[in-house]
Amino acid sequence: MAPILKGEVDIVIPTIRSLNFLENWRPFFEPYHLIIIQDGDPTKVIKVPEGFDYELYNRNDINRILGPKANCISFKDGACRCFGFLVSKKKFIYTIDDDCFVAKDPTGKDINALAQHLENLTKPSTPYFFNTLYDPYREGADFVRGYPFSLRAGVPTAVSHGLWLNIPDYDAPTQLVKPLERNKTYVDAVMTIPKGTLYPMCAMNLAFNRELVGPAMYFGIMGDGQPIGRYDDMWAGWCSKVVCDHLGYGVKTGLPYLWHSKASNPFVNLKKEFKGLFWQEEMIPFFQSVTLPKECTNAQQCYLELAKQAKEKLGPIDPYFHNLADAMVTWIEAWEEFNTPAKSNTNSSESA
């Protein structure tokens, strides 16, 4: 069987170590192109198993390619992955962490996570009316009685958010009180997150349509030299969801699962997250209440407006948010250097 959408997908992997984990994914990833973002020491040699088609960028490469704009790409943090989103030329991105392995479904069959993500992304979403059989476009499901016929065509799907068996994606306080907790529950479901509802987006197992929402998938400035970490994917998730809601695109969560092999150190995580645990109580209400003008018809325009409003509303909390908002603008400037303008969607949520 030929690989699905082989020429339209890049797999982006941030790492500080040799990528032996790819052997586990070989049956599913080998046909695709990989973009590896080496974090940390750029002189370290990262080994990639033979047979994979890849390009690798370290910090020296990022500085050389972006010049002064390189300050918008985080260092010593998984947020560096968004450089891969920037330089990709493909329609779809799948990003995965290097401590994640192939999971098995309840029948014992290996799960092709990438194939499930692509199925999610190439079928519509239903953000305006919840279907109680979840994804109506899956085999064996449909729209239930009482579902409006006018909404059954759905909207384009921009984001597919997958889940994890074994180690859950917990914050440090939850890790500390539940150190032995493991996720053993496989829920065979894909659902659209309703319009107006935010969610905690984890980048361990994430795919998106770069043409629709790529400019909004910026993971902020985190890690080295910054007062916060481990909120890179949260920030990108909140921003991209607001942008999707405005433009009339869908976000799905659920399948596919992968196997998350190890928990990071909760004490190290607490140091990184500490300010974020307080700040999120103000960040989230900002994203819940933010509105974008109808003149914003593509992801770039929406993101620049979000940067402006974030600086105005979140800036008083801490100077960090002024720097983050400036980095958001720099990110869009870099995006426009590397990419053609994002697609506009005139059938946005304003008319839904």
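You'll find the structure just up there.
Counting starts from 1 at the beginning of each chain's written sequence and moves along it residue by residue. Totals for whole chains, interfaces and linings use all residues, but because this is a predicted model, local features are given only for residues with pLDDT of at least 70 and pairs of side-chain atoms are given and counted only at 80 or more. Values shown for side chains rest on all heavy atoms present in the structure; no hydrogens or waters enter the calculation.

**With respect to the overall build of the chain**
Note the threshold: Segments assigned H or I by DSSP are reported as helices when at least four residues long, segments assigned E as strands when at least two residues long, and all are numbered from the N terminus. C-alpha atoms define the radius of gyration in this analysis, and the globule rule sets the expected value at 2.2 Å times the number of residues to the power 0.38. Here the term buried applies to any residue with accessible area under 20% of the maximum for its type, exposed to any over 50%, and partly exposed to those in between, with areas from a 1.4 Å probe on protein chains only. Contacts are assigned to residue pairs that have any heavy atoms within 4.5 Å of one another. Residue-level accessible areas treat just the shown protein chains as cover; the underlying method is Shrake-Rupley with a 1.4 Å probe. Only four residue types enter the tally: Lys and Arg on the positive side, Asp and Glu on the negative side; His and the chain ends are excluded. Lys charges are placed at NZ, Arg charges at CZ, Asp charges at CG and Glu charges at CD.
A tally of helices and strands in the chain yields ten helices and nine strands. Taken over C-alpha atoms, the radius of gyration comes to 19 Å for the chain, in line with the 20 Å a tight globule of 352 residues would show. Put simply, the chain has 352 residues, and 54% of those count as buried. Long-range contacts, defined here as pairs at least 24 residues apart, represent 76% of the contacts in the chain between residues at least 6 apart. Roughly 15,600 Å² of accessible area belongs to the chain as shown, and the carbon and sulfur atoms make up 54% of that amount. Side-chain charges of the chain comprise 36 positive and 41 negative groups, with the mean position of each set lying 2 Å from the other.

**Notes on empty space enclosed by the protein**
Counted only if it meets this: The method works on a 1 Å grid over the protein atoms by themselves. A cavity is a set of points holding a 1.4 Å probe that cannot get out, a pocket is an open set with protein on both sides within 12 Å along at least five of seven lines, and residues with an atom within 4 Å of a point line them. Grid points are joined across faces, edges and corners, and a volume is the space filled by probe spheres set on the points. Nonpolar residues are Ala, Val, Leu, Ile, Met, Phe, Trp, Tyr, Cys and Pro. Charged residues are Asp, Glu, Lys and Arg, and all others, Gly as well, are polar.
The full count for this structure, using the stated rule, is one cavity of 30 Å³ or more. Considering only enclosed or pocket space, the largest cavity measures out at about 30 Å³ in volume. Lining of the largest cavity is provided by Ile 37, Gln 38, Asp 39, Gly 40, Arg 59, Ile 62, Ser 74, Phe 75 and Cys 80. Among the secondary structure elements, those contributing two or more residues to the lining of the largest cavity are β2 (33-38) and α2 (59-66). For the lining of the largest cavity, the class distribution of residues is four nonpolar, three polar and two charged.

**Some thoughts on the pairing of strand β9 (residues 250-260)**
The test is simple: DSSP-based pairing: two strands are paired if at least 2 bridges between them are found.
With respect to burial, β9 is a largely interior element, ten of its eleven residues being buried. Pairing geometry for strand β5 (residues 100-101) and β9, over two bridges, is antiparallel. Its bridge partner being in β9, Phe 101 is matched across the sheet by Trp 259. Taken together, the nine bridges between strand β6 (residues 157-166) and β9 define a ladder with parallel strand orientation. Residue Thr 157 lies in a different strand from β9, and its bridge partner there is Gly 250. Alignment of strand β7 (residues 190-192) against β9, held across three bridges, turns out to be antiparallel. Within β9, the residue paired with Met 191 across the bridge is Thr 253.

**Quick notes on the side chain of Gln 175**
Rule in force here: A 3.5 Å cut-off defines polar contacts: any pair of N or O atoms within that distance qualifies, except that in protein one atom must be a possible hydrogen donor and the other a possible acceptor, and neighbouring residues in sequence count only when both atoms are side-chain atoms.
With respect to the helices and strands, Gln 175 occurs in helix α5 (residues 172-177). On the accessibility criterion, Gln 175 (12% relative accessible area) is buried. Among the polar contacts listed, one links the side chain of Gln 175 to the side chain of Asn 269, at a separation of 2.8 Å. Setting aside anything within four residues of it in sequence, one finds Gln 175 in contact with Tyr 170, Arg 230, Ala 263, Ser 264, Pro 266 and Asn 269.

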